[in-house]
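# Structural characterization, general
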Amino acid sequence: MAPEQPLLISSPRYSDQPYDFSTINITPPATEPPPTSSSSSLHNPNRLLPTTANQSKPHLPPLPRRYSSRRSFNSSQKLSELNESNARFVYINDPTRSNSPYQHPSNSIHTTKYSLLTFLPKNLFEQFHRIAYIYFFILICINQIPQLGVLSPAASILPLAFVLSVTALKDAYEDYRRGLSDRSENSRLASIFSPTSFSFEYKPWNQIRVGELVRVAAEDPHIPCDLVLLCTSDPTGVAYVETINLDGESNLKTRYAKQETLAKPPETLSGSVICCEKPNRNIYGFHANLNDSISLGPANVVLRGCELKNTAWVVGVAVYTGKETKVMLNSSSAPSKRSRLETHMNRETILLAVGLFALCAITTVLGGAWLGRHKGGLDELPYYRKRDFSGKDVGKYEYYGIGWEIVFTFFMAVILFQVLIPIALYISMELVRLGQAFFMIQDDNMFDKERGKRFQCRALNINEDLGQIRYVFSDKTGTLTENKMEFRCASVGGQDYSGGAGAGEEEEGDGVSVIVEGKLCKPKMKVKTDPKLVDVLRNGKGTEEGDRAQNFFLALATCNTIVPIFAETSDPTEKLIDYQGESPDEQALVYAAAAYGFVLVERASGHIVVEVSGQRQRFDILGLHEFDSERKRMSVIVGFPDKTVKIFVKGADSSMFGVMEKTLNAKIIQATELHLKTYSSVGLRTLVIGMREMNRMEFEEWHSSYEKASTALFGRGSLLKAVAANIESNLSILGASGIEDKLQQGVPEAIESLRQAGIKVWVLTGDKQETAISIGYSCKLLTGEMIQIIINSNSKDSCKKSLEEALATTTKLASMPPAAETTATGLGAGRTLALIIDGKSLLYILETELEGELFKVATSCHVVLCCRVAPLQKAGIVALIKKRTDDMTLAIGDGANDVSMIQMADVGIGISGQEGRQAVMASDFAMGQFRFLVPLLLVHGHWNYQRMAYMILYNFYRNSIFVFVLFWYVLYTAFSLTTAITEWSSVLYSVIYTALPTIVIGILDKDLSRKTLLKYPQLYGSGQREERYNLKLFILTMMDSIWQSLAIFFIPYLAYRHSTVDGSSIGDLWTLAVVIMVNIHLGMDVFRWNWVTHVSIWGCIVATFICVIIIDVLPILPGFWAIFHVMATWVFWFCLAAILVAGMVPRFTMKAFSEFFFPRDIQVARELEKFGNINENRVSEVAMSTFSNNQQQSIL
Amino acid sequence: MEMEGASSSGSGGAAQPTLLPSRRSKVFYRFTQQNLPACKPALTPTLVITIFLLAGITFVPVGIICLRASESVEEHVLRYDTECIPEDYRSNRVAYIKDDSISKKCTLNIKLRNQMKAPIYVYYELDNYYQNHRRYVKSRSDKQLLYGLQYKDISSCKPVESSNRLPVVPCGLIAWSLFNDTFTFDVKARKLNVNRKNISWKSDRDHKFGNDVYPFNFQNDTLIGGGKLNQSIPLSEQEDLIVWMRVAALPNFRKLYGVIEEDLDADELLTIHLSNNYNTYSFGGKKKLVLTTSNWLGGKNNFLGLSYIATGCCSILVAIIFALIHVKFPRPHRDASYLHWNRKSSATSR
């Protein structure tokens, strides 16, 4: 990637003047450009070159300017005037002046959230964003009121303190690590121009100030802050940067120093002022001017986070520093979403709150009634006595009248029963998700061996959503396909040359090589050539056909923004030419041109060098109109060595045929269109190439308007677009190219699995309809039996009509008797529908009243393919489903154009592939290949959902059983809210006694093995149907917990009635009974006992015994030695055994009955997994079902 | 639950550890791939029926044994708070109990039904007495009981932490309301010896109540809650207090008064001389005297035995029902055709 020697062959300076036609016509072809004549024009070669780093594929609409839907930045494209209020003035080499009146931040970065001082308040503040914590905090505060002090202050604070401190510790550690990396970053050395000594001196990065001159050299190629380039080691002012840290794209980008600043030593620029926009997040936009006359764009800045490549040094002036650099402004944290399960959990939490209120209300009413009944005798009651003599006067001892007592009782009850809302659940869920994420990351089945990339969990709170997905929205290019473009066939001048693709035996273009600096250079990628076409090129010189072919490949070689880079090989005499560029299509085309003998050797700012069949030729690039989504084409204006000027245009067929000169080339156009259809029907991406020779007048006219447009300070973009549209007309057709985008490994199988799992896969692509359909076939999304409904309309009315027709078809199909089918593929009822809709139609449908109909049609179709859709439409389709159903959606994509869709969907997955990391940055999970979706959803998603669902229910159960035991006791204490269980035990209950097993089970338990889950993808339906967590299960669990609490409370109560038992002893019995019961209950539901499970469950019971014993050996507590006394009696053990058996009988019975007589799929699959299938070979024809199955009905 | 440890090492994952460095231990690799060896208990009908039958078969006999044990206990319960009130105070019991001038002595008789073997435990039982009331439970200072007057912070003892501006030892409502009825027993005109030593927990005497802490300023107030303490005996030997301070868990409770260490024959007439000092009349509490023998299971309580028998019977019943349904409507175990999608397709194919 990084050759040692300079990339560019030294070439004469490019002239600053318009192309001189006078010389063209008079002088014979020369290898040198015309001599520079005096020119007053401000023409700058920089403008001829791409000015933005727009990396989207030419076929697709460009990436959204909006980087994120959450925070939009004002697009600087809409050139608003830079005035005092919204501009920053940077005085070159004058940091003092640049920093007044406003002090700009220093260049030190702090990614740390906290400092030593602010850690506590800030971290607490963040943690208290959880409403549950505020609830518990309020309860702690209430508890501190003397009249309400149910728990001792220490005991009341402990649970929340524990939860908060665990999280705080985690945060502190993460922050510490960030701090370390900050420090090393800040102390790196940069070479800064010192005005006093008049030379560059080394200073640490964090001391760079706005306005200072910074020199970055190849030895330490990291850019310390955002710099406006002033000059570079290259005489033309070019600098190459790699932006992988910024946007993840590994290809080189070119940046330019301005002609005006290039020549002068930078220190002489002192006093010049750069007026630039205020810092913003847009890494592809920059808008400024130098001394009010020279405009500066994004091509003139290098940003922090980039690395200098192939450039010896650059000098720039710091414009944005530290936290104002674009990379820092863009460092967004992982998106925060809330999982479906958690949302549902909140619903149940509210139910529990209602239950809590009910318990408190009951206690209060009964307590009030008791007080009322004993109103007169309260002083006589030895155990109440409200008269207090101990003070000076006879007063009342903490008695404020019945009214207040009732109020106090209520609040005390709230404090006592508060754990009904499980505090530890939140932290447990976090830990469990962490563990689940660990296993997902470690999973070798989701390890991309080719790129060496593991699965990434970027969002930690939606793991369980992966188990409930119903819709998958997939991008095509780079997601289903590899995005490794390969040139396959060409149609030149109405002739189809696709021989290279078919005949594999053909000798490969081995001969193509060029000699650069005495070394043999070969293109890195070999392309099969078509012998006929080679023949035409070789022998057809002079003929129309030959010229056309010649121009076709010249167009391929020139009409792009590719930079050739020479890479070393093992053979010292040989080098590889690596074509670096922003679009893989362009790369493929340039490689193809090279294979046919048009080797792009050099790209400089004003010209390119192409070796045409062994002869090196220099072409001046006089102008370049970038690709944009409206024109859907790009063009270059090329000055040929023979002084002719041609415009080469390439673009999507839809836009290209409109600008062709139809009369002359009618036949060729017709033939080409035919070829295009065949190409796209086999899944090739097509581009149409055209050209036109420009005469002098045309050129001058274009040149002046281009000049005007590109120097314009305002509305530059739209002016340039207009110029381009003007010149790209009346083209003669050269031909078309077909590029293959290979399917990724395992895509058809993955899609089949997902479909069996009941997940609908929708493909949203920017490609043409034919391409999309053919890819649909090749990835088995579409099959021959499917009825295709195609909607591509140009108006709202026709959209409406086709939708209505589609709707009629679907209803007809639905009403058709299923008896009609004869072929039972095992996949279910016969003929299926596929909807193919294009972006244009969607334009008329989305966000109008037709949306509803589209939804109806789309959901009744088995496959939906959307082609030619813009990024925002992708998000719109996701929103369509999200708005109208409760089904979970997942979007998967790899490119910047998928960002909006990824952010819109419930779960966003980024493919870390060829196309940069924007999709990954916006995603919740990132992985290497599409097929990993299968293990991710079917295995991990299933497990995560099952585990988390169970864990939440279990936590509700575990806390409520405890609260109910407390509650029953309160009924026997004159409603005075005494607890027999010591307060320390009740505090430790959710922290120690029962915490670990649920977390371990939540991380480790597997209901089914990976093999079974992959064998029967239908098992995924369990999550979609919310089988493991729903209101019914919640209610059952609560009823179970009430029964068990009754057993726990009343068996000892009845056994110890009329006995000498003291509160502490029976309290210990209850504590142990609850803990053992709760752990056995968990153990009963464990699917797989491995040693970790054993250790955690039995260990927790042992730990409880130890804790209870510790509490009881403290002489200052009333319960001293109680546990030993009570354990010495038989009654204790008999009670314990009776509690456990009586408590478990109903649950165990229910479990056994339902598992046996109403088995869920998971249960059956588990039996199959354990014992094997008894009738492997007669699956289909089973006589069965004496009992109809009610659960299964609901699914259908 | 079935535990077949050997049968099933995680059968799942197809992942091969090929691409991993060999230094990573195999165990850790299996852990990261979630393939730790594990046993998968499965509820087969046989297993379920066996479990229920087993539970039933063990619980019923255990229950019967418990019942027998409970039956073997000889217990006499005598409610005396109603008996020991003179006729003319029956309508105004509170006035009677509050009037110090009236003698509270009372004599009652019990005729023993069966022989009672030593040791015979003498309990007093209080009913409707909320010793577990929150205000009551809290009103004590365990540190003061251990360290005596040295320990000053006795605010937890409210409302009885001091009287006449002097701290009270032992402080708090619990001590203040010390039970103070006394009982003596005559049999055949001979006084029975009731051993009142070692009626409290040894752990309490040794570690919870200080042996150099003496009662101080106790019951010196206008409002007297219950028994007084001999100021010359350290708390660690005030066993009545120690017993009383072990706060009962439930509103009807017994507390050990003493132990009669000789056998009593059947049909013997036991004369009880008691002083009915303790006021339970103001809140309708009952006072009972309990004489009981003891066995390995404790005192007389049929509940445990009955609950065991009930649970056992339930288990057997469930086992039978389960077996019956299983015979009538068998579901072939481990049958893939029960997966719902297979059922659906077989339904449509017919």
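Residues numbered from 1 in each chain as written. Chains lettered and ligands numbered in written order. Predicted model: local features only at pLDDT ≥ 70, side-chain atom pairs only at ≥ 80, totals over all residues. Heavy atoms only, no water.

With that settled, consider the overall build of chain A. Of regular secondary structure, chain A possesses 38 helices and 37 strands. Among the 1196 residues that make up chain A, the fraction classed as buried is 61%. Considering only contacts within chain A whose residues lie at least 6 apart along the sequence, 75% involve residues at least 24 apart. Carbon and sulfur atoms make up 59% of the accessible area of chain A, which totals about 45600 Å². (Helix = DSSP H or I, 4+ residues; strand = E, 2+ residues; numbered from the N terminus. Buried < 20%, exposed > 50% of the residue type's maximum accessible area, 1.4 Å probe, protein only. Contact = heavy atoms within 4.5 Å. Areas by Shrake-Rupley, 256 points an atom, 1.4 Å probe, with all protein chains shown as cover.)

Every contact between the two is made by 122 residues of chain A and, on the other side, 113 residues of chain B. Looking at the side of chain A facing chain B, the largest losses of area belong to Y383, H1058 and F1156 of chain A, adding up to 8% of the total buried there. Put simply, chain A and chain B have two salt bridges between them. Where K40 of chain B meets E1169 of chain A, a salt bridge forms, and the shortest distance between an N and an O atom there is 3.5 Å. Scanning the region where chain A abuts chain B turns up 31 residue pairs in polar contact (both at pLDDT 80 or more). Looking at which element gives the most residues to the side of chain A that touches chain B, the answer is helix α36 (residues 1130–1157) of chain A, with 17 residues. For the side of chain A that touches chain B, the class distribution of residues is 68 nonpolar, 28 polar and 26 charged. (Buried area = accessible area lost by both parts, 1.4 Å probe. Salt bridge = Lys/Arg side-chain N within 4 Å of Asp/Glu carboxyl O. Polar contact = N/O pair within 3.5 Å; in protein donor to acceptor, adjacent residues only side chain to side chain. Nonpolar A, V, L, I, M, F, W, Y, C, P; charged D, E, K, R; others polar.)

In this section: the UniProt feature "domain: P-type ATPase C-terminal" (unreviewed entry) in chain A. Look at the UniProt record and you will see "domain: P-type ATPase C-terminal" (unreviewed entry) annotated at residues 920–1159 of chain A. As a span, residues 920–1159 of chain A carries 74% helix and 1% strand, and end to end its C-alpha atoms are 41 Å apart. (UniProt positions renumbered as here; feature names shortened; annotations may be inferred.)

Our next topic: unusual backbone geometry. With an omega of -5°, the peptide bond between A118 of chain B and P119 of chain B qualifies as cis. Turning to its location among the elements, P119 of chain B is positioned in the loop between β2 (105–111) and β3 (120–127). In this model, V169 of chain B is joined to P170 of chain B through a cis peptide bond whose omega is -15°. Here P170 of chain B is to be found in the loop between β5 (166–167) and α6 (173–176). Its identity as a non-glycine residue notwithstanding, H1058 of chain A has a phi of 55°, on the positive side. Judged by relative accessible area, which is 28%, H1058 of chain A ranks as partly exposed. A positive phi is found at W1121 of chain A, a non-glycine position, where the angle reads about 65°. A relative accessible area of 33% means that W1121 of chain A is categorised as partly exposed.

The UniProt record marks residues 90–156 of chain A with the feature "domain: P-type ATPase N-terminal" (unreviewed entry), using the residue numbering of this structure. Secondary structure content for residues 90–156 of chain A is 46% helix and 3% strand, and the end C-alpha separation is 58 Å.

Attention now goes to the state of the cysteines. Residue and element names in this part refer to chain B. Summed over all chains, the structure comprises two disulfides over all chains. The disulfide partner of C84 is C106, and the gap between their sulfur atoms is 2.0 Å. As the torsion about the S-S bond is roughly -70°, the C84-C106 disulfide counts as left-handed. On the criterion of sequence distance, the pair formed by C84 in the loop between β1 (75–79) and α3 (93–98) and C106 in strand β2 is long-range, its members being 22 residues apart. Taken individually, C84 and C106 each receive the classification buried, so the pair is uniform in this respect. Between the sulfur of C157 and that of C171 lies a disulfide, 1.8 Å long from S to S. Highlighted residues: C157 in the loop between α5 (142–147) and β4 (162–163) and C171 in the loop between β5 and α6, separated in sequence by 14 residues. We note that C157, like C171, is buried. (Disulfide = S-S within 2.5 Å.)

So, about the sheet that holds strand β10 (residues 269–275) of chain B. Residue and element names in this part refer to chain B. In spatial order, the strands read β2-β10-β6-β7; together these four strands make up an open sheet with antiparallel pairing. Two strands bound the open sheet, and with one partner strand each, they are β2 and β7 (190–191). Here β2 pairs with β10 via seven bridges, running antiparallel. Looking across to β10, one finds that L108 is bridged to I272. (Pairing = 2+ DSSP bridges.)

With respect to the element layout, K812 of chain A can be found in helix α21 (residues 796–815). C-alpha separation for the pair K812 of chain A and S1045 of chain A, spaced 233 residues apart in sequence, amounts to 56 Å.

All names here are of chain A. For M525, the position within the fold is in the loop between β21 (519–523) and α12 (531–539). For M525, a relative accessible area of 34% gives the class partly exposed. Along the sequence, M525 and F855 sit 330 residues apart, while their C-alpha atoms lie 45 Å from each other. Sequence-distant contacts of M525, defined by excluding residues within four places in its chain, comprise M485 and Y591.

Take a nonpolar patch on the surface next. Residues V1102, I1106, I1110, V1113, L1114, I1116 and W1121 of chain A make up a contiguous nonpolar surface patch of about 560 Å² in total accessible area. Along the chain, V1102 of chain A turns up in helix α34 (residues 1091–1112). (Patch = residues over 30% accessible without salt bridge, like charges linked within 9 Å, V, L, I, M, F, W, Y side chains within 5 Å.)

So, about the pattern of salt bridges. Residues and elements named next belong to chain A. Within this structure, the stated rule accounts for 56 salt bridges over all chains. Residue R188 is joined to E185 by a salt bridge in which the shortest nitrogen-to-oxygen separation is 3.1 Å. The class for E185 is partly exposed, based on a relative accessible area of 23%. R1166 is paired through a salt bridge with E1155; the nearest N and O atoms lie 4.0 Å apart. Taken together, the residues span a long stretch of sequence, with R1166 in helix α37 (residues 1161–1171) and E1155 in helix α36 at a distance of 11 residues. Owing to a relative accessible area of 14%, E1155 belongs among the buried residues under this scheme.

Attention shifts here to the nonpolar core. In this structure, F417, I952, F956, Y1029, I1048, Y1056 and W1070 of chain A are the most contacted members of the largest nonpolar core, which totals 135 residues. A per-element tally of this core places helix α27 (residues 933–970) of chain A first, with 20 residues. Each residue touching F956 of chain A, except ones within four places of it in the same chain, is listed here: M345, E348, T349, L352, P422, L425, Y1029, F1034 and M1038 of chain A. Counting residues in hydrophobic clusters, the runner-up holds 69 residues, among them A974 of chain A together with M116, V122 and F185 of chain B. (Core = buried A, V, L, I, M, F, W, Y, C linked by side-chain atoms within 4.5 Å.)

This part is about the environment of I1035 of chain A. Looking at the secondary structure, you find I1035 of chain A in helix α32 (residues 1031–1056). Sequence-wise, I1035 of chain A and I902 of chain A are 133 residues apart; in three dimensions their C-alpha atoms are separated by 36 Å.

Let us now look at the packing of helix α16 (residues 662–681) of chain A against helix α20 (residues 769–778) of chain A. Residue and element names in this part refer to chain A. Packing of α16 against α20 leaves a shortest axis separation of 7 Å and a crossing angle of 30°. The orientation of α16 with respect to α20, classified from their angle, is roughly parallel. Along its contact with α16, which presents K677, S680 and S681, the element α20 presents E770, T771 and S774. (Axes fitted to C-alpha atoms, helices over the stretch in contact; angles between N-to-C directions. Parallel < 35°, antiparallel > 145°, perpendicular 65-115°, else oblique.)

Turning our attention to helix α9 (residues 303–328) of chain B. Taking 1.5 Å per residue, 26 residues should reach 38 Å; α9 of chain B reaches 37 Å between its end C-alpha atoms and fits that length. Every buried residue of α9 of chain B is accounted for by F303, L304, G305, S307, Y308, T311, G312, S315, V318, A319 and F322 of chain B. For α9 of chain B, the secondary structure elements touched by its buried residues are α32 and α36 of chain A together with α2 (45–71) of chain B. (Expected span 1.5 Å × (residues − 1).)

Residue and element names in this part refer to chain A. Where helix α10 (residues 424–442) meets helix α29 (residues 995–1004), the axes come as close as 8 Å, and the angle between the chain directions of the two elements is 30°. As summarised for this structure, α10 and α29 are arranged roughly parallel, according to the angle between their axes. The two elements α10 and α29 cross, and the hand of that crossing is right-handed. Facing S428, L431, V432, G435, Q436 and F439 of α10, the residues of α29 in contact are I999, G1002, I1003 and L1004. Classifying every residue of the contact of α10 with α29 by side-chain character gives six nonpolar, four polar and no charged. (Left-handed = near helix turned anticlockwise from the far one by under 90°.)

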